[in-house]
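The chain contents come next:
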Amino acid sequence: FFFAANMSVKVVGDPDGQVEIIPLGSGQEVGRSCVVVRYKGKSVMFDCGVHPAHNGFDSLPYFDDVDPESIDLLLVTHYHLDHCGATPYFVQHTKFKGQVYMTHPTKALFNMVMHDFMRVGVAGTTVLFTETDLHSTMAKIETIDYHQEMSHKGIKFKCYNAGHVLGAAMFMAEIAGIRVLYTGDYSRYPDRHLMGAETPDVSPDVLIVESTYGIAEHEKREDRENRFLGWVDKIVKRGGRCLIPVFALGRAQELLLILDEHWEKHPELQQIPVYYASSLAKRCMMIFQTYINMMNDRIRRQHAYENPFHFKWIKSLDSLEYFEDAGPSVVLASPGMLQPGVSRDLFERWCTDQKSGCIFAGYSVEGTLAKQVCVQRPNEIVRQDGKSVPLAMSIEEISFSAHSDFAQTRDFIDVTEVNNVVLVHGDHNNVRKLKDRLTEEFKHKKLQVYTPKNTDTVRIKFVHENIVKVMGKVANEYPRPNQVLKGILVSKDFQHTIVDPEDIGTYTNLQLGAVRNTIIVPLNRDYSLRQILLHLHKYFLSFSSQDIVVENDEVEVVAKEITAASETAAQGQQPQHFIVIHLSPEVQLSIERPADGTTTIREVSVTWTTSKYADLIADATVVALLHLYAPPRTQVAAEIEDDVFRIKCMHQMLTQYFTGVHLDMASPTFTFMYMGEKVKIMAPLMVECSNADVKHKVSNILRRIFLTLYPLPIADEGCCC
Ligand SMILES: [Zn+2]
Ligand SMILES: [Zn+2]
C-alpha cells in the first residue's frame, strides 16, 4: 500500500525481498572460491577460482548450478588461483555476458599468474583455456580502484583494501538497498609491506567471510618471525638445505623481506646462499614496484631511498639447471603446496637427507602433498616417478599466510555491525567450529551464521522499503493520508517515480509514442461508396453523423440516409480526393475518391492508433470489409452464417483477453478461468460467475467486444446480464 511522506511514498512489505547466496565453490572447503548472490533479478558472482588439489574440469566451481547468462557482474578479489583461476574459462566458455572487475594490480598480476598456470598445466589433464582465451579475457576485464563507486545494471559496487596480498580487495555490492560484503581472503594486520584490511564505511546487511583458520588465533608477528628464522638458522647451521615452498607471489615477498633483513644482520650467515626459484616472481617484481603506493607506510618510506624489492642477499634462480647444489642453502620455491614444479623437484631430491629441512609457510589445501606431509608426517613419500623414498628431512609448519584468524573475524563482525554472516573458504571442521563460536560470542544480537556447502542456497529475508518519488503534476498538491495517487510508475535500477502521463518526457528518460497502423483492403468487385457505407452500417450502427466527414453533397446524402441524421460535420483539412470516416476517435476509414469520374471504389484503407479497443474495432472493420467478398446469400442463410461468424470472432477476441477460452458451438457457450474463478458466457452477453467482482470485470470487457461485433446499439447503463 502507499502512504505519503514528503512527496515520497513507501511501498512496504516487498514479497520478493529474499537474498540468495550460493557458493559454487569454497562452500565448506578451501579452493575454487566462487559465490553467487542473487536479489531482485540481479546476480553478482564473487571470485571465480580453481581448486588447487584438482585438475581440469574437476578443479572448476559448480558452474552448472547457475545460468551463466544470468550473472550480471563478476568481481574478482585477488590474483591467487583459488580466486581467479577459472575466470578465463567462465568468461570464454560459458554464456556469461556480464562485466568483470578487478583492481589494477590484480589485473596485471592475474595476467602473469594465468600465463604461468597455463605453462605448468599438468600433463594429461584437460586444458581449461588457451592463450587466445586469456587474451580475450584480459580485454574484457575492467579495473576499479579502492573506494571507487561503480554501478552496472543497477548493482552498485565498491571495493576496499583487503590486506591479504598486493591489490587484494573486499567487494561491497548493493542491490536495491541491500548490501553484501564479500571479504575474499583478508587480513586486518599490517605486515612488512602491506596495510591491514580496511573497515568499510557503511555496514553491510550480509557478510560473506573467509574461515580458513576457523577458531585458531595467529601468534604475534614477532614471535612467528623469530620461530621461522630459528628453524632456518638451525637447518643451514647443521649443513642442510632449507626448502621453503611458497606460492610465487604474495607471501613470498614478505618472507624475502624477512630473510634479507636477517642475513643483513647476521654476517655469519652471509656465505650461505639464499635463492628464490621463481621466474614468475621475477617478472612480477616490476608490478610490485609499480604499485608501491598501494602498500604500507613502512615500505613507502623505504622506497624513498632504495627499492625495497631489490634484495641484497637473495639471488633469483631461473631454473634448477643452473643451480649448484653444493652445501647448505635456503631456497624459496613455488608451488606452495608441492604440486608438480620446482618445489616438488627439490623436495624429492632432498627429502632423504636428515640434515635438510622443509618449512611450510602458507596454508595447505586438503588433497595436496604439503597437507599430507604436514598432517600425517609419513615415513616415506611416493615420488612423481612412482618410487617410494624415505622422508628423513625435518618438516616444520608455520602460518605466514595473511588470512584472518578468529580474533580478526570476530572483531570485523563487531565493527561492521552485520547481522548475517555466511562462512566460506574453510574446511568443514573449521567452518563448523567457527559458526559455533561466533553464534556464542554474538548471541546478544542473535547473529545469524550460515555455512552452506557447495551449491546449497542460503536465503535471507529482508523486509525493506521501496521509496517512490512523486514528480510533476501528481505532486502539485501535498498528499493527504490514505490518498490514492494516480499516475504512471516508472522503475529503473530500483529507483521508482510516479508521474502524470503528460510529465513522462520531463521527469523520466522515456517518451510518449503512438503506433499508427494502416491496412489497405482491396475490393474484388466494383462498389460504390454508398454500397460500402451501407454494408458497414450493418456492423457499426454506432457511427453517427458526427463520425462521418462529408466532402460533397453526394456523400452527405448517403450519410443522411444511413444515419438518418439531419446534420453533418465537415472537416476541411482532409485532402479533397479522400473521404474519411471516423468509426471511433482512434479508427478511421479512408476511401479514395475515384479519379476517373466514375463512382467505383477499388480499395479502402483502415488507419488506427494502437490501443486494445481500437485494435478490436479495426480488426472488426477489416473483417466486415472482407465480407464484401461474400457472394449474395438468402436472408436466413446469411443470418445463420453471420451468427456463426460472429461467435467465432467473439471467441477470437475473448482469447485476446483471457487464456484457455473454451467454445462450445452447440449451446453456444464460452468457459474459461479468470482471476482464479470459473467464468461461463452464454453468447452473446450472459455472464455466469460466482464472484461478483470477476463477473463485473468480464462483463465490461464483453460489452466492448460486443460493441464491435454486433450492429445493435448497446444500452448505456451496461450489459443486460
Ligand atoms: Zn589468497
Ligand atoms: Zn584463498
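Residues numbered from 1 in each chain as written. Chains lettered and ligands numbered in written order. Predicted model: local features only at pLDDT ≥ 70, side-chain atom pairs only at ≥ 80, totals over all residues. Heavy atoms only, no water.

1. With respect to the coordination of the zinc ion (ligand 1)
Tetrahedral coordination by four donors sets the ideal angle at the metal to 109.5 degrees; octahedral coordination by six donors sets it to 90 or 180 degrees. Distances from the zinc ion (ligand 1) to its protein donors, namely His-78 (NE2), His-80 (ND1), His-164 (NE2) and Asp-185 (OD), fall within the range 2.1 to 2.2 Å. Viewed at the metal, the four donor atoms of the zinc ion (ligand 1) are separated by angles of 92 to 166°, and the geometry they form is irregular. Within one chain, the residues serving as donors to the zinc ion (ligand 1) are arranged as H-x1-H-x83-H-x20-D. If you look at the zinc ion (ligand 1) and the zinc ion (ligand 2), they sit 3.5 Å from each other and are both ligated by Asp-185. With His-164 in the loop between strand S10 (155-161) and strand S11 (169-175) and Asp-185 in the loop between strand S12 (178-182) and strand S13 (206-210), this pair connects stretches of sequence that are 21 residues apart. (Donors = N, O, S within 2.8 Å, 3.2 Å for Na, K, Ca; no water. Tetrahedral: all angles 85-135°; square planar, octahedral: opposite > 155°, others 65-115°. Helix = DSSP H or I, 4+ residues; strand = E, 2+ residues; numbered from the N terminus.)

2. Here's the deal with the environment of His-135
Mapping His-135 onto the fold places it in helix H4 (residues 131-140). Remark: the alpha-carbon pair of His-135 and His-115, spanning 20 residues in sequence, is separated by 10.0 Å.

3. Thoughts on the packing of aromatic side chains
Tallying each qualifying case throughout the model produces 14 aromatic pairs. Between Phe-57 and Tyr-89, the ring centres sit 6.0 Å apart and the planes meet at 75°, which makes this aromatic pair edge-to-face. Of this pair, Phe-57 sits in the loop between strand S5 (42-46) and strand S6 (73-75) while Tyr-89 is found in helix H2 (residues 87-93), placing the two residues 32 residues apart along the sequence. Taking relative accessible area as the criterion, Phe-57 reaches 47% and is therefore assigned partly exposed. What links up through ring pairs into an aromatic cluster is the set Phe-57, Phe-63, Tyr-89, Phe-90 and Phe-96. (Phe/Tyr/Trp six-rings, centres within 6.5 Å; stacked < 30°, edge-to-face > 60°. Buried < 20%, exposed > 50% of the residue type's maximum accessible area, 1.4 Å probe, protein only.)

4. A look at the nonpolar core
If you look at soluble globular proteins, the nonpolar side chains tend to sit buried side by side. Formed by 100 residues in total, the largest nonpolar core has its most connected members in Ile-21, Ile-208, Phe-228, Ile-244 and Leu-259. Counting residues per element, this core draws most heavily on helix H6 (residues 251-265), which supplies seven residues. Split by domain, the residues of this core number at least three in each of domain 2 (18-217 + 403-460) and domain 3 (221-397). Not counting residues up to four positions away in its chain, the partners in contact with Phe-228 are Ile-244, Leu-255, Ile-258, Leu-259, Ile-359, Ile-398 and Phe-400. (Core = buried A, V, L, I, M, F, W, Y, C linked by side-chain atoms within 4.5 Å. Domains from an automatic or database assignment. Contact = heavy atoms within 4.5 Å.)

5. Thoughts on the packing of helix H3 (residues 104-119) against H4
Contact geometry of H3 with H4 gives a least axis separation of 11 Å together with a crossing angle of 170°. Between H3 and H4, the angle is such that the two are roughly antiparallel. Between H3 and H4, the contacting residues are Lys-107, Phe-110, Asn-111, Met-114, His-115 and Met-118 on the first element and Glu-131, Leu-134 and Met-138 on the second. Among the residues forming the contact of H3 with H4, the class breakdown is five nonpolar, two polar and two charged. (Axes fitted to C-alpha atoms, helices over the stretch in contact; angles between N-to-C directions. Parallel < 35°, antiparallel > 145°, perpendicular 65-115°, else oblique. Nonpolar A, V, L, I, M, F, W, Y, C, P; charged D, E, K, R; others polar.)

6. Observations regarding the sheet that holds strand S14 (residues 241-245)
Note on sheets: strands pair through backbone hydrogen bonds, and any given pair is parallel or antiparallel. In spatial order, the strands read S16-S15-S17-S14-S18-S21; together these six strands make up an open sheet with parallel pairing. The two strands at the open ends of the sheet, each matched to only one other strand, are strand S16 (314-316) and strand S21 (394-397). Strand-to-strand twist in this sheet, taken as the mean axis angle between neighbours without regard to direction, amounts to 20°. As defined by bridge partners, S14 adjoins strand S18 (residues 357-360) across two bridges and the pair is classed as parallel. In the sheet register, Cys-242 faces S18, and the bridge partner there is Gly-357. (Pairing = 2+ DSSP bridges.)

7. Let's talk about the packing of helix H5 (residues 221-237) against H6
H6 packs onto H5 with a crossing angle of 65° between their chain directions and a minimal axis gap of 11 Å. Here H5 runs over H6; the crossing is right-handed. Taking contact as the criterion, the partners of Glu-225, Phe-228, Leu-229, Val-232 and Asp-233 in H5 are, on H6, Leu-255, Ile-258, Leu-259, His-262 and Trp-263. Per-class residue counts for the contact of H5 with H6 are seven nonpolar, one polar and two charged. (Left-handed = near helix turned anticlockwise from the far one by under 90°.)

8. Comments concerning the pairing of strand S7 (residues 99-102)
Pairing geometry for S6 and S7, over three bridges, is parallel. Paired with Leu-75 across the strands is Tyr-101, a residue of S7. The pairing of S7 with strand S8 (residues 141-143) spans three bridges and is parallel. Within S8, the position partnered with Val-100 by the bridge is Ile-141.

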